[in-house]
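Observations on the model geometry
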Amino acid sequence: MLLIPFLIGIVFILIHFFASVLVPRDQLKQVKWFSFSGGLAVSYIFIYLLPTLHKQQAAIQEPYRQLTMESEIYFVGLLGVVLFVGIQIVIQQNYISHTSTFWSVIVFYAFYNALVSYSVLSFEVSAIQALFYCVAIGPHFMAVAHDMWRKFPVEYNKYGRYILAVGIVAGWIVALTTELTPLFKSIVFSLVSGAMIYTVFKHELPSEKDTHFPTFLISVIIYSAITITLKFVFEW
């Protein structure tokens, strides 16, 4: 069904367009918002992402299954972390100017957006799963976009949000027009998962002094309960 992937893509694009507006500017509300979104992101990782990596590993088919040691998919996820950290270090250490740094970061994140978009939209999903992905990954995109807007406000509003949106569209087009092997899909999903795990714990999860713990706890409990229920009912 093309309508559901299309709607997911539109939601992701709108998040990048309006990230600077969607996140509250009042300090207390902002702390609560990032505590809430951090709770969602952490719950998504432990309740959905890691179990899905396990399923991807177990689903490797012949003839590749003969070569597996029950850890290859996790190793690809580790490579995602290493790649993400390495590229960010290279960008920071090769600082030339504010503008060159912006373009390096925005191109990198546009590619990351394309991979995330492909990973989500390459699988056939129901309306419930579509809503689940929007709630889980939407705040992740919002946190990344808001962080870039905060560091590069003028450049982000003028160029950045459109380039990030192009990344979403590129991943969406590849997902809908290209039929790749299940193994390749698993590799892309694992690579993105590693990068996402790093991003969540490095940038999305607030520090202790900036965390509104009741909001964080409520977010974790509600999202975890909903995810576990949906997984049980729909056998995800």
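Residues numbered from 1 in each chain as written. Predicted model: local features only at pLDDT ≥ 70, side-chain atom pairs only at ≥ 80, totals over all residues. Heavy atoms only, no water.

**Topic: the overall build of the protein chain**
How we decide: To qualify as a helix, a DSSP run of H or I must reach at least 4 residues; to qualify as a strand, a run of E must reach at least 2; elements of each kind are numbered from the N terminus. Each radius of gyration reported is based on C-alpha atoms, and the globular scaling rule is 2.2 Å times the count of residues to the power 0.38. A simple rule labels every residue: compare its accessible area, found with a 1.4 Å probe on the protein chains alone, to the largest value its type can have, and call it buried under 20%, exposed over 50%, or partly exposed in between. The contact criterion used is simple: two residues touch if any of their non-hydrogen atoms lie within 4.5 Å. Shrake-Rupley sampling with a 1.4 Å probe provides the accessible areas, and residues are treated as covered by the protein chains on show and by no other component.
Counting secondary structure elements, the protein chain contains 9 helices and 0 strands. Listing each helix as α and each strand as β along the protein chain from the N terminus yields α-α-α-α-α-α-α-α-α. Whereas a compact globule of 236 residues would reach a radius of gyration of roughly 18 Å, the protein chain reaches 18 Å, a difference of no more than 12%. Considering only C-alpha atoms, the protein chain reaches an extent of 50 × 40 × 35 Å along its principal axes. Across the 236 residues that make up the protein chain, the buried fraction comes to 46%. Sequence-distant contacts, at least 24 apart, represent 85% of the contacts inside the protein chain between residues at least 6 apart. Accessible surface computed for the protein chain: about 12,600 Å², of which carbon and sulfur atoms make up 71%.

**Comments concerning the packing of helix α5 (residues 98–121) against helix α7 (residues 153–177)**
Quick note on the threshold: To obtain an axis, a line is fitted to C-alpha atoms, over the contacting stretch when the element is a helix, and the angle between two such axes runs from 0 to 180 degrees between their N-to-C directions. We call two directions roughly parallel when the angle between them is under 35 degrees, roughly antiparallel when it is over 145, roughly perpendicular when it lies between 65 and 115, and oblique otherwise. Crossings are assigned a handedness: left-handed for a near helix turned anticlockwise from the far helix by less than a right angle, right-handed for a clockwise turn. Polar here means any residue outside two lists: the nonpolar Ala, Val, Leu, Ile, Met, Phe, Trp, Tyr, Cys and Pro, and the charged Asp, Glu, Lys and Arg; Gly therefore counts as polar.
Interaxial distance between α5 and α7 falls to 7 Å at its minimum, and their mutual angle equals 30 degrees. Relative to α7, α5 is oriented roughly parallel. Every pair of crossing elements has a handedness; the one defined by α5 and α7 is right-handed. Of the residues contributing to the contact of α5 with α7, the split by class is 17 nonpolar, 6 polar and 1 charged.

**Topic: the pattern of salt bridges**
Which entries qualify depends on this criterion: Salt bridges are defined as contacts in which a side-chain nitrogen from Lys or Arg sits within 4 Å of a carboxyl oxygen from Asp or Glu.
Within the structure shown, the criterion is met by 4 salt bridges. The salt bridge partner of Asp147 is Arg150, with a shortest N-O separation of 2.5 Å. Of this pair, Asp147 and Arg150 both sit in helix α6 (residues 127–151), 3 residues apart, which is roughly one turn of that helix. Overall, Arg150 belongs to the exposed group, its relative accessible area being 53%. Through salt bridges that share partners, Asp147, Arg150 and Lys151 make up one connected network.

**Quick notes on the side chain of His140**
For His140, the position within the fold is in helix α6. In this structure His140 touches Tyr112, Met196, Thr199, Val200 and Glu204, once residues within four positions along its chain are discounted.

**Observations regarding the packing of aromatic side chains**
Note the cut-off: Only centres within 6.5 Å qualify two rings of Phe, Tyr or Trp (six-membered ring in Trp) as a pair; their planes then separate them into stacked at under 30 degrees, edge-to-face at over 60, and tilted for everything else.
By the definition in use, this model includes 15 aromatic pairs. Ring geometry for Phe102 and Trp103: centres 5.2 Å apart, planes at 70 degrees, overall edge-to-face. An aromatic cluster is defined as three or more aromatic residues linked by ring pairs; in this entry it consists of Phe84, Phe108, Tyr109, Tyr112 and Tyr198.

**Observations regarding the environment of Ala170**
Locating Ala170 in the fold gives a position in helix α7. Expressed as a C-alpha distance, the spacing of Ala170 and Pro51, which sit 119 residues apart in the sequence, is 27 Å.

**Remarks on the environment of His54**
Relative to the helices and strands, His54 is located in helix α3 (residues 27–58). On the basis of relative accessibility, which here comes to 48%, the residue His54 falls in the partly exposed class. Distance from His54 to Ser71, taken between C-alpha atoms, is 8.9 Å for residues 17 residues apart in sequence.

**A few points about the confidence of the model for the protein chain**
As a reminder of what qualifies: Residue-level confidence of the predictor, termed pLDDT, takes values from 0 up to 100.
For the protein chain, per-residue confidence averages 86 on the pLDDT scale, and 93% of positions sit at 70 or higher. For the protein chain, the element scoring lowest by mean pLDDT is helix α2 (residues 19–22), at 82; α7 scores highest, at 92.

**What to know about the nonpolar core**
Soluble globular proteins tend to pack their nonpolar side chains together in the buried interior. For the record, the criterion: What we call a nonpolar core is a set of buried Ala, Val, Leu, Ile, Met, Phe, Trp, Tyr and Cys residues that are connected through their side-chain atoms within 4.5 Å.
Tyr44, Tyr109 and Ile137 are the most contacted members of the largest nonpolar core, which totals 60 residues. The dominant element in this core, judged by the number of residues it contributes, is α6, at 13 residues. Beyond its immediate sequence surroundings of up to four residues, Tyr44 is in contact with Leu49, Phe132, Tyr133, Ala136, Ile137, Met196 and Tyr223.

**Section: the packing of α6 against helix α9 (residues 213–234)**
Running from amino to carboxyl end, α6 crosses α9 at an angle of 155 degrees, the nearest separation of the two axes being 12 Å. Relative to α9, the element α6 is oriented roughly antiparallel. By crossing handedness, the relation of α6 to α9 is classed as left-handed. Residue-level contacts link Ile128, Phe132, Val135 and Ala136 of α6 to Tyr223, Thr227, Leu230 and Phe234 of α9. Its residues placed into classes, the contact of α6 with α9 shows 7 nonpolar, 1 polar and no charged.

**Observations regarding a nonpolar patch on the surface**
Stated precisely, the cut-off is as follows: The patch calculation keeps residues exceeding 30% relative accessible area without a salt bridge and links them within 9 Å when they carry like charges or within 5 Å when they are nonpolar (Val, Leu, Ile, Met, Phe, Trp, Tyr).
Residues Leu3, Phe6, Leu7, Ile10, Leu14, Phe18, Val21 and Leu22 make up a contiguous nonpolar surface patch of about 730 Å² in total accessible area. Of all the secondary-structure elements, those providing two or more residues to the nonpolar patch are α1 (3–17) and α2. The element best represented in the nonpolar patch is α1, accounting for 5 residues. Inspection of the secondary structure puts Phe18 in the loop between α1 and α2. Taking relative accessible area as the criterion, Phe18 reaches 42% and is therefore assigned partly exposed.

**As for the side chain of Ser224**
Along the chain, Ser224 falls in helix α9. Setting aside chain neighbours within four positions, we find Ser224 in contact with Ser43 and Ile47.

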